[in-house]
Amino acid sequence: MTGPRWSSEPLDATHDPHIASWVETADGHPDFPLQNLPFGVFVPPKRAGHRQPLPRGGIRIGDRVLDLGALARSGLLMGDAKAGAQAAAGGTLNAFFALGRGARNAVRQRVHTLLTEGAGDRPLVQRLLYDVRDITMELPVAVGDYTDFYAGVHHALRVGELFRPDRPLLPNYPWVPIAYHGRASSVRVSGESVRRPRGQFPATPGGEPRFAPTGKLDFELELGIWVGPGNELGDRIPIGDAGSSVAGFCLLNDWSARDIQAWEYQPLGPFLGKSFATTVSAWVVTPEALAPYRTPAPSRRADDPPPLPYLTDADDQTGGGLDIELEVLLSTAQMRATRVAPQRLSLSSTRYLYWTVAQMIAHHTSGGCNLRPGDLLGTGTLSGPAATARGSLLEMSSNGTRPVEVVTGQTRGFLEDGDEIVLRARAGRPGLATIGFGECRATVVPAEGG
């Protein structure tokens, strides 16, 4: 199979939509067919009379999960594939990420062969599969650092119009990938609840501040980037090499307390308005799986300057973008009680990013900052130009002044206790399999003490 390539990710047999799997639920699965094979960390079910199992690395295929540690011990792997599976077998994927593309792709290629229809080792591999209904997913890495970019230009424009109508985009936006350092310790995996934070904010514009639960809790629709091999302190990663530092991608919800954030962010940026929670999806979708969905770098507006040389690379301009469709769904407590299906709030795309992933990494390390395996980067809110493609309630409700209507007759300017936000994402093109990320899901629970 031939086709476009990005950096070192050419298309090969693992992308061929005509190759079927013997795993019953794999072919045609909306997220996890044979062409995806994402990595994650899971806990198997406890067996009677045995100790509680430890977390271990796995690969998702349809509605099953392949135990990588058991696979490494099976005698079915050799060389880089065995080394990679062994590194991924523990309770985090950090050591696996550190090995880079060679080991990651070796595991992917070998597992693809083992799961393909007609594979001779099916009886042995079949014993290494778990039903997803029986396992518990864990955060896939020990997150060392978390950086959130501001690369969604339509979000930046719309937020700027709300608070700075005379200059929505600040002068530095087309020149530098804007970001802030978030709180790694509060990154949580999909399914864990989010407690409404307390913080300080003015009760009325210009009034004396008070300390109370946020009244403007919001979500942000983002793509997360997991870092693989990084760089030493004082070194930098040139943009042409930045792709080799990406271990994979996830969905990311950068929860925000807008009233706390608005009071505290000047002059140093977000703090308690962001640090209380970040939710990520459990499965790590690899750059190799996403190779067929590469696109040219996003086009710039006619009056925008070209990126500076350290942010410019011909290959990155040709194939540094991504074509992934993302959606946000809301399920209120009343909707769940009356069995009303979640309501879609937004349908957006990674095509609306202003900066490529390689540009973000090149800029992040350009001053000598070291990235390490398992570090997490967020793209920033992925809003589109249409009203149906807004990636936060801040934009949808114009900062709460135009509440969003819910199918049950409720309205939302911002999130209320009991609200559940679900992020989903899929990549698909004619003639190729559709692959997805699973869900990034969390429910808002009341502030501590009610």
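See the structure above.
A short tour of the structure in this document, coming up.

Digging into the overall build of the protein chain
- Secondary structure summary: the protein chain contains 12 helices and 25 strands in total.
- Expected size for 450 residues packed as a compact globule is a radius of gyration near 22 Å; at 22 Å, the protein chain falls within 12% of this value.
- Counting across all 450 residues of the protein chain, residues that qualify as buried make up 54%.
- Nonlocal contacts in the protein chain, meaning residues at least 24 apart in sequence, comprise 74% of its contacts between residues at least 6 apart.
- Of the roughly 18,800 Å² of accessible surface on the protein chain, a fraction of 52% belongs to carbon and sulfur atoms.

Re the packing of helix α2 (residues 79-87) against helix α4 (residues 101-115)
- For the pair α2 and α4, interaxial distance at closest approach is 7 Å and the crossing angle is 100°. By the criterion of interaxial angle, the relationship of α2 to α4 is roughly perpendicular. Within the contact between the two elements, α2 uses Asp80, Ala81, Gly84 and Ala85 and α4 uses Gly102, Ala103, Ala106, Val107 and Arg110.

Some points on the state of the cysteines
- Enumeration over the complete set of coordinates arrives at zero disulfides.
- Unpaired in this structure, Cys440 has its nearest cysteine sulfur neighbour in Cys250, at a distance of 7.5 Å.

Description of helix α11 (residues 357-365)
- Taking burial as the measure, the nine residues of α11 include eight buried ones, the bulk of the element.
- All of the buried residues along α11 are Val357, Ala358, Gln359, Met360, Ile361, Ala362, His364 and Thr365.
- Here the buried face of α11 lies against β6 (146-149), β7 (179-181), β13 (221-227), β14 (246-253), α9 (314-319) and β21 (376-378).

Let's talk about unusual backbone geometry
- Here the residue pair Gln266 and Pro267 is connected by a cis peptide bond, since its omega of 10° sits within 30 degrees of zero.
- The residue Leu37 is not glycine, and still its phi comes out positive at about 55°.
- One can find Leu37 in the segment before β1 (39-43).
- A relative accessible area of 1% means that Leu37 is categorised as buried.
- Phi is positive for Arg339, close to 60°, though the residue is something other than glycine.
- One can find Arg339 in the loop between α10 (333-337) and β20 (343-349).
- Arg339 gets classed as exposed once you look at its relative accessible area, which sits at 80%.

Describing the pattern of salt bridges
- A full pass over the atoms with the stated rule returns 25 salt bridges.
- Each of Glu327, Arg344, Glu420, Arg424, Glu439 and Arg441 takes part in a single network of salt bridges with overlapping partners.

Conventions adopted
Residues numbered from 1 in each chain as written. Predicted model: local features only at pLDDT ≥ 70, side-chain atom pairs only at ≥ 80, totals over all residues. Heavy atoms only, no water. Helix = DSSP H or I, 4+ residues; strand = E, 2+ residues; numbered from the N terminus. Rg over C-alpha atoms; globule rule 2.2 N^0.38 Å. Buried < 20%, exposed > 50% of the residue type's maximum accessible area, 1.4 Å probe, protein only. Contact = heavy atoms within 4.5 Å. Areas by Shrake-Rupley, 256 points an atom, 1.4 Å probe, with all protein chains shown as cover. Axes fitted to C-alpha atoms, helices over the stretch in contact; angles between N-to-C directions. Parallel < 35°, antiparallel > 145°, perpendicular 65-115°, else oblique. Disulfide = S-S within 2.5 Å. Salt bridge = Lys/Arg side-chain N within 4 Å of Asp/Glu carboxyl O.

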